[in-house]
Amino acid sequence: MHPTILEINTDNLVKNIAFFKSKLHQKTKMVAVVKAFAYGSDAVSISKILQKNNIDYLAVAYTKEGIQLRKNNIILPIIVLHAQIENYKKIIKHSLEPNIYSLNGLKKFIQIVKKKNLKRYPIHLKFNTGLNRLGFVKEDVSEILKLVKNNPNISIKSIFSHLAASEDSAEKEFTIKQIHLFESIKNPFTEALKNKPYYHILNTSGILNYSEYQMDMVRLGVGMFGFANEPKFTNKLKNVLTLKTKISQIHTINKGESLGYNRAFVATKKTKTATLPIGHADGISRKLGNKNSFVYINHKKATIIGNVCMDMIMVDVTNINCKEGDEVIIFDSQKDILRISKELNTIPYEFLTMLSQRIKRKVI
Ligand SMILES: *Cc1c(COP(=O)(O)O)cnc(C)c1O
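(A) Geometry of the overall build of the chain. In terms of regular secondary structure, the chain is built from twelve helices and 19 strands. Its C-alpha atoms give the chain principal-axis dimensions of about 80 × 45 × 35 Å. Counting only contacts in the chain whose residues sit at least 6 apart along the sequence, the fraction spanning at least 24 positions is 65%. When the 56 basic and 30 acidic side-chain charges of the chain are each reduced to a single mean position, those positions are 5 Å apart.

(B) Quick look at the site of the ligand. Around the ligand sit 13 residues, and of these Lys 35, Tyr 39, Thr 204, Arg 219 and Tyr 349 come closest. Here an oxygen atom of the ligand and a side-chain polar atom of Tyr 39 are 2.5 Å apart. For the ligand, an oxygen atom lies 2.5 Å from a polar atom in the side chain of Thr 204. Coverage of the ligand by the protein amounts to 94% of the 390 Å² it exposes when considered alone. A breakdown of the residues in the shell around the ligand according to their chemical character gives five nonpolar, four polar and four charged.

(C) Broad picture of the packing of aromatic side chains. Overall, the coordinates contain ten aromatic pairs when judged by the stated rule. Considering the side-chain rings of Tyr 88 and Phe 109, the 5.0 Å spacing of their centres and the 90 degrees angle between planes classify their relative orientation as edge-to-face. Taken together, the positions of Tyr 88 in helix 5 (residues 88–93) and Phe 109 in helix 6 (residues 103–115) put the pair 21 residues apart, joining distant regions of the chain. Considered together, Tyr 88 and Phe 109 belong to a single accessibility category, that of buried residues. Seen in terms of ring centroids, Phe 294 and Tyr 296 are 5.5 Å apart; in terms of plane orientation they differ by 90 degrees. Their pairing is edge-to-face. Stacked on the ring of Phe 294, the Lys or Arg Arg 339 has its end atom at 3.8 Å from the ring centre.

(D) Inspection of helix 7 (residues 141–148) at higher detail. Of all the residues in helix 7, the buried ones are Val 141, Ile 144, Leu 145 and Val 148. Down the axis of helix 7, the buried side of the element spans an arc of 100 degrees, and every buried residue falls inside it. Looking at the buried side of helix 7, the elements it contacts are helix 6, strand 6 (121–127), strand 7 (154–161) and helix 8 (172–192). Phi for Asn 150, located one or two positions after helix 7, is positive at around 60 degrees.

Criteria and cut-off values
- Residues numbered from 1 in each chain as written.
- Predicted model: local features only at pLDDT ≥ 70, side-chain atom pairs only at ≥ 80, totals over all residues.
- Heavy atoms only, no water.
- Helix = DSSP H or I, 4+ residues; strand = E, 2+ residues; numbered from the N terminus.
- Contact = heavy atoms within 4.5 Å.
- Lys, Arg positive; Asp, Glu negative; His and termini not counted.
- Charge placed at Lys NZ, Arg CZ, Asp CG, Glu CD.
- Near = heavy atom within 4 Å.
- Polar contact = N/O pair within 3.5 Å; in protein donor to acceptor, adjacent residues only side chain to side chain.
- Areas by Shrake-Rupley, 256 points an atom, 1.4 Å probe, with all protein chains shown as cover.
- Nonpolar A, V, L, I, M, F, W, Y, C, P; charged D, E, K, R; others polar.
- Phe/Tyr/Trp six-rings, centres within 6.5 Å; stacked < 30°, edge-to-face > 60°.
- Buried < 20%, exposed > 50% of the residue type's maximum accessible area, 1.4 Å probe, protein only.
- Lys NZ or Arg CZ within 6 Å of the ring centre and 35° of its normal.
- Arc of directions from axis to C-beta.

Spelled out as structure tokens, the structure:
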């Protein structure tokens, strides 16, 4: 029993989804994005919760992530957002749905499903409207239509694009331009295809800032975990993730004595320290050491002192009444996660996905 645990709060996850649904029409479908271990949490556990809570689709980044969900009895349809051509056969084997973003990929996928004599295999098409990362361009539309129109082997389930700056009101003009470009791409497909695909362009911040463009479906990621890229929305969401551990040992070091690797901390007075079983291999970056961050012990702030070790950190508990085995909170609110992200000069998306798989996950 390792004491370092990342708790996942089911009720709050469900409440956050309800908050986003309240911003949408009832018939708008929702894709829950569970890539990268569901933003560093636990993709299987999160997907099991989502499966019971009226989510229409899951999305992962890579094929391997989708396979892991299938192996754990997740039966929702799963989009592989960054499907690689070399994985197309595996995608089919595990009933995953590729996002196809190039003519080369589309031709290869059609070749494979045709050879396997599969009927109406569900695929998704992604268009680049300004992010310039992955996607077809508008000029590809006629060539795509030639390949897919009346093709019995595939079914275009959805066509989508991704916004570059949906959280940034200063980029509203750019965002609207992306959306308008996408709308002009939709029309020829709606006309040519017998079954109208779902169209979608909004991520978390898109749902909040551009809900009039929700189309048929939206893609919710970081919002499920209580983050909305803007305090006014984040405040309306609930915290889902709590990282806690327990004190392994307490030491008292005298003035002039040092602590930890490279003797980075030297006591200027008699100092009581607590050693905690979490380190940089767990995702607690070395940048947080040397008084750059703190944890909570018995509701008091305990500053991280010395260098962060691979498996441990040491904190100053001189003024805290505590003993070995006491609970330590690394974070238990969005505020904490935002603060630590800031201390790391990054955003919650990166800090959360840094939390390593060594940390035990517990659904409550
Ligand atoms: C990650 C991702 C999302 C989710 O974005 P959030 O900002 O976390 O809601 C949606 N769509 C695509 C294509 C993504 O890669």
